[in-house]
Amino acid sequence: MERAYRILCVDDEDFTLDLLDTLLSSQGYEIITALNGKIAIDILAEKNIDLVLLDINMPLMNGYETCRKIKSDSQTSHIPVIMITSMDSRDSKITGIEAGADEFLAKPLDHAELLLRVKNILAYRDSEEVFIYLIHSLARAAEANDMDTGNHILRVGEYSAMIAKDLGMPEKFIEDIRLHATLHDVGKLHLPSHILKKEGKLTEDEMKEVKKHPAFGAKIIGNHPHLAMGKNIAYSHHEKFDGTGYPEGLKGEDIPIEARIVAIADCYDALRNSRIYKPCYDHTGACKILIEGDDRLEPEHFDPKALEIFKKIAPQFEKMYENLKDSDS
Ligand SMILES: [Fe+2]
């Protein structure tokens, strides 16, 4: 059975905690209370919490500090925080926003408003989670007939986020590329499995088929604005910076930045992954090929800025590869 949503209420006044408990329990939510921020942080480390209702003025650790702690820890940063303030001033709201609060409610609490805000914020968080889940499902579906199974798609997402971060891209871009990069090969859904699973070199005709997967990918993803980055990545991740790639032969900055980033991430992982039709390389070997080139790859294929970053953060790639290694390799 699905568990009830669990809400952590943090306030130094017993009276407010009792009120929140009564009100929210009556709607079927499971309520956990904490008398200050320190206790709240301890609870968050131990239990799965869906939402935090946070008072601002508390001893030991106030609401702003508590919120900052929640939002700076990768284990808890996804949990929405509603701040409850008796100081309905602009300054306290600004400080709250800076601390990462998602919503504000003023004391004295309007019960109907409180219930609606809680309901909406939980529904929004759910729809976000479902969106991420479905993107991953679609990406996994495309791997069904491919040799590159397992965590390849997740690793490419993580490497891409690492490069984007070091390039100084905004936080939203970094989060988006981590997710959307997993769709890079979704077009392989349309490729016959005898080609994808073929041992040995592909014929010219088979190669021609394989080169259709970017266009198939763009078609599968379609035109929804929320998936625009995924579409760019699927369509352009085999373009090369010097213009020798496919499907369009785009050159330099005409290639969307997200696709230029994924090109390096995908290449590194393909070199590391064992495939029957080519040897797989260790970290040093894969770096050497990306940076110096070999008979098929040239450094000119990649965005020079992104390649510079790869050189700089290559040890992080190795770590990520080890962390998300497929259990059978
Ligand atoms: Fe591809």
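Here, every reference points to the structure presented above.
In this text, all values refer to a predicted model and were calculated from it rather than measured experimentally.

1. Some points on the overall build of the protein chain
Broken down by element type, the protein chain carries 14 helices and five strands. With the principal axes as the frame, the protein chain shows a C-alpha extent of 75 × 40 × 35 Å. Counting the 329 residues in the protein chain, one finds 46% classified as buried. Here the contacts in the protein chain between residues at least 6 apart in sequence split such that 62% fall between residues at least 24 apart. When the accessible area of the protein chain is evaluated, it comes to approximately 17200 Å², of which 52% is carbon and sulfur surface. Counting 40 positive and 58 negative side-chain charges, the protein chain places the centres of these two groups 5 Å from one another.

2. Thoughts on the pairing of strand β4 (residues 81-85)
Of all five residues in β4, five are buried, a share of seventy percent or more. Direction of pairing for strand β3 (residues 51-55) relative to β4: parallel, over a ladder of four bridges. Each residue of the ladder has a partner; that of L54, found in β4, is M83. Where the polypeptide runs from β3 across helix α3 (residues 63-72) and back to β4, its parallel neighbour, the crossover connection is right-handed. As paired strands, β4 and strand β5 (residues 103-106) are joined by four bridges and run parallel to one another. Counted as the bridge partner of T85 is A106 from β5.

3. Examining the coordination of the iron ion
Distances from the iron ion to its protein donors, D185 (OD), H213 (NE2), H237 (NE2) and H238 (NE2), fall at 2.1 to 2.3 Å. Each of the four donor atoms bound to the iron ion contributes to angles spanning 86 to 172°, and the resulting shape is irregular.

4. As for the pattern of salt bridges
If the charged atoms of two oppositely charged side chains come close together, the side chains can form a pair. One pass over the full model with this rule turns up 20 salt bridges. The shortest N-O distance in the salt bridge between K107 and D11 comes to 3.4 Å. With K107 in the loop between β5 and α5 (111-142) and D11 in the loop between β1 (6-10) and α1 (14-25), this pair connects stretches of sequence that are 96 residues apart. For D303, the salt bridge is made with R260, and the minimal N-O distance between the two is 2.7 Å. Note that D303 is positioned in the loop between α13 (283-292) and α14 (304-323) and R260 in helix α12 (residues 257-272), a separation of 43 residues in sequence. Assigned by exposure class, D303 and R260 land together as buried. A cluster of three or more residues bridged by salt bridges with shared partners is formed by D50, R125, D126 and E129.

5. Observations regarding helix α6 (residues 152-166)
Given 3.6 residues to a turn, an α-helix orients residues that are three or four positions apart in the same direction. Over its 15 residues, α6 extends 21 Å from the first C-alpha to the last, a length consistent with the 21 Å expected when each residue adds 1.5 Å. Across the 15 residues that make up α6, a large majority, 11, are buried. Within α6, the full set of buried residues consists of H152, I153, R155, V156, G157, Y159, S160, A161, M162, I163 and A164. In this fold, the buried residues of α6 make contact with α5, α7 (171-180), α12 and α14. Remark: G168 follows α6 within two positions and exhibits a positive phi of approximately 85°.

Calculation criteria
- Residues numbered from 1 in each chain as written.
- Predicted model: local features only at pLDDT ≥ 70, side-chain atom pairs only at ≥ 80, totals over all residues.
- Heavy atoms only, no water.
- Helix = DSSP H or I, 4+ residues; strand = E, 2+ residues; numbered from the N terminus.
- Buried < 20%, exposed > 50% of the residue type's maximum accessible area, 1.4 Å probe, protein only.
- Contact = heavy atoms within 4.5 Å.
- Areas by Shrake-Rupley, 256 points an atom, 1.4 Å probe, with all protein chains shown as cover.
- Lys, Arg positive; Asp, Glu negative; His and termini not counted.
- Charge placed at Lys NZ, Arg CZ, Asp CG, Glu CD.
- Pairing = 2+ DSSP bridges.
- Right-handed = clockwise from strand over helix to strand, strands pointing away.
- Donors = N, O, S within 2.8 Å, 3.2 Å for Na, K, Ca; no water.
- Tetrahedral: all angles 85-135°; square planar, octahedral: opposite > 155°, others 65-115°.
- Salt bridge = Lys/Arg side-chain N within 4 Å of Asp/Glu carboxyl O.
- Expected span 1.5 Å × (residues − 1).

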